[in-house]
Number of protein chains: 2
Amino acid sequence: MELTSNPAVKAEKTMGLPVFDTDMCAEDMDRMAANAMKASNFLKAIGHEGRLMILCHLASGEKSVTELEDLLSARQAAVSQQLSRLRLEGLVNPRRDGKAIYYSLADDRAKQIMEVVYDLFCREE
Amino acid sequence: MELTSNPAVKAEKTMGLPVFDTDMCAEDMDRMAANAMKASNFLKAIGHEGRLMILCHLASGEKSVTELEDLLSARQAAVSQQLSRLRLEGLVNPRRDGKAIYYSLADDRAKQIMEVVYDLFCREE
DNA sequence: TGTACAATTCACATATTCATATTATGTATT
DNA sequence: AATACATAATATGAATATGTGAATTGTACA
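Residues numbered from 1 in each chain as written. Chains lettered and ligands numbered in written order. Predicted model: local features only at pLDDT ≥ 70, side-chain atom pairs only at ≥ 80, totals over all residues. Heavy atoms only, no water.

### Thoughts on the protein's contact with DNA strand C
And step 1. Inspection of the region around DNA strand C gives 22 residues, with Thr 66, Gln 76, Ser 80 and Tyr 103 of chain A together with Arg 75 of chain B positioned closest.
And step 2. In DNA strand C, atoms within 4 Å of the protein come from the sugar-phosphate backbone in 68% of cases.
And step 3. Within the side chain of Thr 66 of chain A, an N or O atom sits 2.6 Å from a phosphate oxygen of DNA strand C.
And step 4. Measuring from a phosphate oxygen of DNA strand C, one finds a side-chain N or O atom of Ser 80 of chain A at 2.8 Å.
And step 5. Listing elements by their share of the surface near DNA strand C, those giving two or more residues are helix 3 (65-72), helix 4 (76-88) and strand 3 (100-105) of chain A together with helix 4 (76-88) of chain B.
And step 6. Examining the composition of the surface near DNA strand C, we find that five residues originate from one element, helix 4 of chain A, more than from any other.
And step 7. Grouping the amino acids of the surface near DNA strand C by side-chain chemistry returns six nonpolar, nine polar and seven charged. (Near = heavy atom within 4 Å. Polar contact = N/O pair within 3.5 Å; in protein donor to acceptor, adjacent residues only side chain to side chain. Helix = DSSP H or I, 4+ residues; strand = E, 2+ residues; numbered from the N terminus. Nonpolar A, V, L, I, M, F, W, Y, C, P; charged D, E, K, R; others polar.)

What follows is the structure, given as structure tokens:
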């Protein structure tokens, strides 16, 4: 696969991914690099044991920070910082209810990745 | 979603992901944490602009280190190190042919993730 | 208003990641 | 064997990420 969204790329091969050889123009390379940067930022955001477990728990419904704190056996400040990162990345949404703040999954991006991750790392054996 | 592979988890909800509430036993939590660690290591490996672009280029066929060096406009040592990381993670395989070493994608894991990443970051707009 | 609780933010120490330079290894060629 | 080339491995410092404790903000309630 490659990371341009240029409609002029070659026809698809075995999978749903576009294919290209060595005939990319500089513009394509730039777009590819830009996309790669966005994508790697996203992957870094979810590439953390604690944050991954948070997303995982949120998939079954919204949770307060203290609930997550218990579920992860982690300190409040740490959980809060991890949530902060996920918030910045637009992956979760906070909702205040009284003293507690409940977090939920924000969009489908995390869900889509998590589904693949689940298949790869939690279903096999 | 959650990261256990316990068959006793609740029925699936909207997506293909299992759901659970607060009734996980310690054993489940351990398995989940172990899976989360494996998964986050994997995500860290591909969550790097250079490595992502390498995987991306390899998706269209095996490439030598010098070819990748040119494609990424990166130094030899850097590319080699990134390949080394991908090798350790089992994502790519080297094949020696004379002086050159050709790398190719090792398994489907990378491809599966990359396909989703491509949809999320290279198709939209 | 004062107190308790939930969550965030800050400042710091530590750990990890990364890029670069340098050195080493393996292969072909002479 | 000697040399050149392609790649790998190692070492070092800079940058980044992470966890911890203390201080801070926001909310509810007496």
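### Details of the side chain of Ser 60 of chain B
Residues and elements named next belong to chain B.
And step 1. Position of Ser 60 relative to the elements: it lies in the loop between helix 2 (49-58) and strand 1 (63-64).
And step 2. Residue classification places Ser 60 among the buried positions, given a relative accessible area of 13%.
And step 3. In terms of polar contacts, Ser 60 uses its side chain to reach the side chain of Lys 63, at 3.3 Å. (Buried < 20%, exposed > 50% of the residue type's maximum accessible area, 1.4 Å probe, protein only.)

### A word on the environment of Tyr 118 of chain B
All names here are of chain B.
And step 1. With respect to the helices, strands and loops of the structure, Tyr 118 is situated in helix 5 (residues 108-122).
And step 2. Given a relative accessible area of 4%, Tyr 118 falls into the buried group.
And step 3. Along the chain, Tyr 118 and Ile 46 lie 72 residues apart, while their C-alpha atoms are 13 Å from each other.

### Brief notes about the sheet that holds strand 2 (residues 92-97) of chain B
Residues and elements named next belong to chain B.
And step 1. One open sheet accounts for three strands, arranged 1-3-2; its pairing is antiparallel. The open sheet is flanked by strand 1 and strand 2, the only strands paired with a single partner.
And step 2. For strand 1 and strand 3 (residues 100-105), the ladder comprises two bridges, and the chain directions are antiparallel. Of the residues in strand 3, the one forming a bridge with Ser 64 is Tyr 102. (Pairing = 2+ DSSP bridges.)

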